Amino acid sequence: MPPTIASVTPSAALVAKYGRPGPRYTSYPAVPYWPAEYPVASWREALADLGREALADPSHGVSLYVHVPFCEKRCLFCACNVVVTRKHERGPSYVDTVRREIDDVADAIGDARVRVSQMHWGGGTPTWLTSDELRSLQAAVASRFELLPDREQSIEVDPRVTTLAQLDALRELGVNRLSMGVQDTDPAVQRAIARHQSVAQTAGIVTHARTLGIDGITVDIIYGLPEQTLDSFRRTIDTVIELGVDRVAVYNFAYLPERVKHQRAIDPAALPDADTRVELMCTASERFAAAGYDMIGMDHFARHDDELARARRDGTMQRNFMGYTTRAGQDLLAFGASAISRVGRDFAQNAKTATEYAEHVDAGRSPVVAGMRLSDDDVLRESVIAALMCYGEVDLGRIAREHGVDLLASGRARLAIEALQGDGLVRWRGETLVVTDLGRYFVRNVAMTFDAYLDGPAPTVARAPTVRFSATV
Ligand code: SF4
C-alpha cells in the first residue's frame, strides 16, 4: 500500500499533459457510457435476486441512499442536478413519492426484510425538508427494511439552512455522521460563487453535532474556484483543521460552462491559472498530512483513527456514488429523483428531474430510466479501476492467471502505461502496477488506461456524444 502522505509536487507541465476530461469513477462504466436502453425487467430481476439472497442469508446487508433534490439557493460552482426553490409546500408530496418508490422496490424484493447497515441522505439539501418530513422518510424506510441499530447513518447538511433543532431531530433518528460543504471561507470567493457561509455558521453546526454525540463529521472544500488565491485557500484549510473534522474531501472545481449554464455567471478571468491550481492542490495535501490526516484515494483525507482510514488499511474501503465508503461489496439501493442504485451486476438510475420522477411514480411505473447490467469484462475492469482508485495498486499478474485476461494486451493500454511509467506516475512491483506518490494526483488517468469504453465506437456508447467530464487533475 502506498504511503499516506503525498510528498511530491507535480509540475505544471505534467498537469498540462494529463489534465484532460475523464470520469471520476464513482461507477464503471461511467454513467454516460451506459447503453441507451435498459429494460426495467432487468432491474426487477436484480431486486428479486437480492430478495432471494437475503432470505438465504439473513445477515446480508445493503447500503441505502435517499436523494432530496431541493436547495434554497443556487451556488454557481455546483453542477448537481438540483431544484432551486423556497416553495417548501413541495416537501410533503416529494416525501410521499419517495415512500411509494420504497414500497415498489420492497415489493419487487419480495418477502425478505433486507437489513440496512449503512444509510445516507444526500442532495441537494436534505435539511431543506422539515424535521417532520425527514421523520416520515425514515419511517417509510423503516416500514419496509430492517434498520440495524449499529448502522452508519449520514446526511448532508447545509450550515446556512440547517437549524440546531433539526440536528436534534436527526440525532434522534440515528444520524451519526454529517457531511457539509464549506468550499472556501474567503468572502471574495464566496461572493464569486454566490455562496455566503460564515465560519460561525459552520462552527455552530460542528459544535452542536459534537454535543449530540455525532462523532463523524466530513467537510467538503474546493480548489480552483474564482478569486481563490494560495493565501485564501490556506486560511480555508487551516479553519477546517481548527474545526477538528474527521474527514475532508478536497474537490477540483469542474468549470463546464457549456454544460452547466449558471456557471456562465462566473468570470473566467477570476479563475486561478494552471500553476496556481497545482499549488492549491498540493497545499491541501501537505497541510492535511501535516495535521495528521491520511490521504484516502485521490481527493479525500481522514484522521488516522477514522473508520474510513481504518477501512483503507483493512482493504474494506470501496468507491461508489456516495464517494469513498467503508462497506465493500454491498448492494446500494437508492431512492428519489436521479438516484443511482447498484444491485448485483445491475446499475439503475431514476428519472433525473423531480417532476419526471414523480410522473413515473404517480403513473405506477418504476422511475428507473437508465441502467446497465455489467458483463464479465465490465466486472473485471471495474475491480481493477476500484483497486487503483482506492488503494493505488493492482496485481495484474494475478488477474491474468485467475481470469485468463491480459489487460495490457492492447497496444493502446501498454503504451499508455509505459508513458505513465516514463513520467514517474506508476511503477511495477513484480506483476503489481503501483501508483507512485506523484501518480496519486493523476490516478484518474491511470484508471482510464483500463477503461474499455472511453475510445469505444459511437454506436455502443450512444450517450457519449454529450459527455462532458471534468478535468482529471
Ligand atoms: S452546492 Fe449544495 S446547496 Fe449549493 S446548489 Fe449545490 S447542492 Fe445546493
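Counting from 1, residues in each chain are numbered in the order their sequence is written. The predicted nature of this model means local features are confined to residues of pLDDT at least 70 and side-chain atom pairs, given and counted, to a pLDDT of 80 or more, with totals for whole chains, interfaces and linings taken over all residues.

Asks: Any chance you could explain the overall build of the protein chain here in plain terms?
Replies: Secondary structure elements follow DSSP: runs of H or I no shorter than four residues count as helices, runs of E no shorter than two count as strands, and numbering proceeds from the N terminus. When you go through the protein chain residue by residue, the secondary structure sums to 15 helices and 19 strands. To get the radius of gyration, use the C-alpha atoms; to get the globule rule, take the number of residues to the power 0.38 and multiply by 2.2 Å. Expected size for 473 residues packed as a compact globule is a radius of gyration near 23 Å; at 22 Å, the protein chain falls within 12% of this value. Along the first, second and third principal axes, the C-alpha set of the protein chain runs to 55 × 55 × 40 Å. Put plainly, a residue is buried at 20 or more neighbouring C-beta atoms within 10 Å of its own, exposed at 12 or fewer, and partly exposed in between, counting only other residues' C-beta atoms, which are placed from the backbone. For the protein chain, the residues scored as buried account for 44% of the 473 residues in total. The contact criterion used here is simple: two residues whose C-beta atoms, placed from the backbone, lie within 7 Å are in contact. Excluding contacts between residues fewer than 6 apart, the proportion of contacts in the protein chain whose partners are at least 24 apart in sequence is 74%.

Asks: Got a minute to help me understand the site of the ligand in this structure?
Replies: Each residue receives a C-beta atom placed from its backbone. It is near a molecule or strand if this atom lies within 6 Å of it. Surrounding the ligand, one finds Cys71, Arg74, Cys75, Cys78, Cys80, Val82, Gly123, Gly124, Thr125, Asp158 and Gly181. Class assignment of the residues belonging to the shell around the ligand gives a composition of five nonpolar, four polar and two charged. Each residue receives one of three labels: charged for Asp, Glu, Lys and Arg, nonpolar for Ala, Val, Leu, Ile, Met, Phe, Trp, Tyr, Cys and Pro, and polar for the others, Gly being one of them.

Asks: Honestly, helix α11 (residues 354-362) in this entry has me stumped. Any pointers?
Replies: Counting along an α-helix, one turn takes 3.6 residues, and residues three or four places apart therefore face a common direction. Of the residues making up α11, those classed as buried are Ala354, Tyr357, Ala358 and Val361. One face of α11 carries all of its buried residues, which in axial projection span an arc of 95 degrees. Looking at the buried side of α11, the elements it contacts are β3 (83-84), α3 (90-109) and β15 (346-350). Along the arc lie the directions from the helix axis toward the C-beta atoms.

Asks: Explain the sheet that holds strand β17 (residues 393-395) to me, please; I cannot follow it from the model alone.
Replies: The pairing of strands in a sheet happens through backbone hydrogen bonds and is either parallel or antiparallel. Two strands are counted as paired when DSSP detects at least two bridges linking them. Taken in spatial order, the three strands of this open sheet run β17-β19-β18, and their pairing is antiparallel. The two strands at the open ends of the sheet, each matched to only one other strand, are β17 and β18 (426-429). Averaged over all adjacent pairs, the angle separating strand axes in this sheet is 20 degrees, with direction ignored. Where β18 meets strand β19 (residues 432-435), four bridges bridge the pair, whose relative direction is antiparallel. Every angle, taken between N-to-C directions, lies between 0 and 180 degrees, and every axis is a line fitted to C-alpha atoms, over only the stretch in contact when it is a helix.

Asks: Help me understand the domain arrangement of the protein chain, please; the structure alone is not making it clear to me.
Replies: One frequent convention defines the size of an interface as the accessible area lost when the parts assemble. You can read the domains of the protein chain as domain 1 (35-373) and domain 2 (376-466). Each domain's limits were defined by an automated method or a database of domain assignments. Spacing between the C-alpha centres of domain 1 and domain 2 amounts to 27 Å. Taken together, the contacts link nine residues of domain 1 with 10 residues of domain 2. Each residue belonging to the side of domain 1 that touches domain 2 can be placed in one class, and the counts come to five nonpolar, two polar and two charged.

Asks: Please clarify how the environment of Cys71 should be interpreted in this entry.
Replies: Within the fold, Cys71 resides in strand β2 (residues 70-71). Taking the C-alpha atoms as reference points, Cys71 and Ile417, 346 residues apart in sequence, are found 43 Å from one another. The residues contacting Cys71, other than those within four sequence positions of it, are Val82, Val84, Gly123, Gly124, Thr125 and Trp128.

Asks: Just to check I follow, could you spell out the packing of helix α2 (residues 40-56) against α3 for this structure?
Replies: The angle between the axes and the distance between the axes are what describe a pair of packed helices. For the pair α2 and α3, the least separation of the axes is 7 Å and the interaxial angle reads 65 degrees. Two secondary-structure elements touch here, α2 through Arg44, Leu47, Ala48, Leu50 and Gly51 and α3 through Val105, Ala108 and Ile109. In terms of residue class, the contact of α2 with α3 is built from six nonpolar, one polar and one charged.

Asks: Got a minute to help me understand the packing of α3 against α11 in this structure?
Replies: One way to put it is that α3 packs onto α11 with a least axis distance of 10 Å and a crossing angle of 50 degrees. Comparing their axes, α11 and α3 come out oblique. Seen along the crossing, α3 lies across α11 with a hand that is left-handed. On α11, the residues that touch Tyr94, Thr97, Arg100 and Glu101 of α3 are Ala354, Tyr357, Ala358 and Val361. In the contact of α3 with α11, the residues fall into five nonpolar, one polar and two charged. Throughout this description, any angle smaller than 35 degrees is read as roughly parallel, any larger than 145 degrees as roughly antiparallel, any in the 65 to 115 degree range as roughly perpendicular, and the remainder as oblique. Less than a right angle of anticlockwise turn of the near helix away from the far helix marks a crossing as left-handed, whereas a clockwise turn marks it as right-handed.

Asks: What am I meant to see in the pairing of strand β6 (residues 177-183) here?
Replies: Two faces, one strand: in a regular strand the side chains alternate between the faces of the sheet. Among the seven residues in β6, seven count as buried, and that is most of the element. Side chains of β6 alternate between two faces, with Arg177, Ser179, Gly181 and Gln183 and Leu178, Met180 and Val182 buried alike. Where strand β5 (residues 146-157) meets β6, four bridges bridge the pair, whose relative direction is parallel. Each residue of the ladder has a partner; that of Ile155, found in β6, is Leu178. Here β6 pairs with strand β7 (residues 216-223) via six bridges, running parallel.

Asks: Mind showing me how you'd approach unusual backbone geometry here?
Replies: In terms of backbone geometry, most residues other than glycine have negative phi values and most peptide bonds are trans. Cis geometry marks the peptide bond from Tyr28 to Pro29, where omega comes out at -10 degrees. When you line up the elements, Pro29 lands in the loop between α1 (12-18) and α2. That bond from Gly123 to Gly124 is cis: its omega, 20 degrees, falls within 30 degrees of zero. Of note, Gly124 is situated in the loop between β4 (115-123) and α4 (131-144). Its identity as a non-glycine residue notwithstanding, Ala194 has a phi of 55 degrees, on the positive side. Here Ala194 is to be found in the loop between α6 (187-193) and α7 (199-211). Given 15 C-beta atoms within 10 Å, Ala194 falls into the partly exposed group. Non-glycine residue Glu227 carries a positive phi angle of around 70 degrees. Note that Glu227 resides in the loop between β7 and α8 (230-243).

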